[in-house]
Amino acid sequence: MLRAFRGICLICFCIVGVAAIAAILLAAFPKLPEATACHSTGAMPSFICEDGWARRSIDTFLNLPINFVYAPLFVFVPSPFDSRTRFIIFDMILILALTYPFLLLLARKFRTFALGCVLPIAVIVAAFYGAFKVGEYKSEMAFVPADLEVSGILYSNEQNWGSVLLPLPGDNETGIFMYGMPDAIADRIAREGLSFFYRSENVGRRVDMQRTHSEWHETPMGKTISDYLNQYGFGIDVESAVEALIDDALSKPGSFYSYGRLGVVIVIPGVERVIFAYAG
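Residues numbered from 1 in each chain as written. Predicted model: local features only at pLDDT ≥ 70, side-chain atom pairs only at ≥ 80, totals over all residues. Heavy atoms only, no water.

### As for the pairing of strand E6 (residues 256-259)
Note: strand E5 (residues 217-218) against E6, two bridges, orientation antiparallel. Across the sheet, the residue bridging to His217 is Tyr257, located in E6. Relative to strand E7 (residues 264-268), E6 is paired through four bridges, and the arrangement is antiparallel. Bridging across to E7, Ser258 finds its partner in Val265. Hairpin connection, E6 to E7: the antiparallel pair is bridged by four residues. (Pairing = 2+ DSSP bridges. Helix = DSSP H or I, 4+ residues; strand = E, 2+ residues; numbered from the N terminus.)

Structure follows, in structure tokens:
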């Protein structure tokens, strides 16, 4: 009987451990929900991902820290949130998890602890981290129109001024990315100018938020990249060489820019570079 109880406590301890890892990942990588196609919803901060068992597993993982934070607060008081049953379950998990270290000290089964909990948590964290990094990279590559065929991220700098533990949509954030662009695309843009961006075959390749880049202009832009990034008072320091390259392009003809829903895309065919910057 004691062995079975210890096993249940171990499982609960592992769940709390996974929740702690989720909280750390959310704090370290504010764009984790966005990269995994999840969004915040409801009166209580929580995440909902796209349909499918894989996505549902991700939102369960992301919501673990929130459930453990709110469960002790709302289980015994009136709240506008959903049934208290869920909170009671998470409170029980938390209590059993806190019981496990004491049982462990009594039994001195540290090897059981390492193999039974730490190893599975490490595997889960590694899998989620790998999936997140792949999703993050794809998301960052999709910031700019697909017809530009960017080849990779050469420079990036982002900063979030949201809550430390759990950054959510609506937080102030600023960022900039610089991408490489193929010679052939840069040459076409240099020859065709603005007409390149309005070609039907190019417009048709754009997906999701890329479609909001529908109106294009030729430089000069009338502002520096620092002016844009600091427009709401949340500017960031950009590497001096990158800032100089962008400002030079924005100050004279020959480059092109478009404001979209998420940020601005700046195309610099003369040096085969594409810039995506956002501030909000």
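### So, the environment of Phe197
Relative to the assigned elements, Phe197 resides in helix H7 (residues 195-198). Among the residues examined, Phe197 registers a relative accessible area of 0% and is labelled buried. C-alpha separation for the pair Phe197 and Ser258, spaced 61 residues apart in sequence, amounts to 9.8 Å. Look past the residues within four positions of Phe197 in its chain and what remains in contact with it is Leu148, Ile189, Val203, Arg206, Trp216, Phe256 and Val267. (Buried < 20%, exposed > 50% of the residue type's maximum accessible area, 1.4 Å probe, protein only. Contact = heavy atoms within 4.5 Å.)

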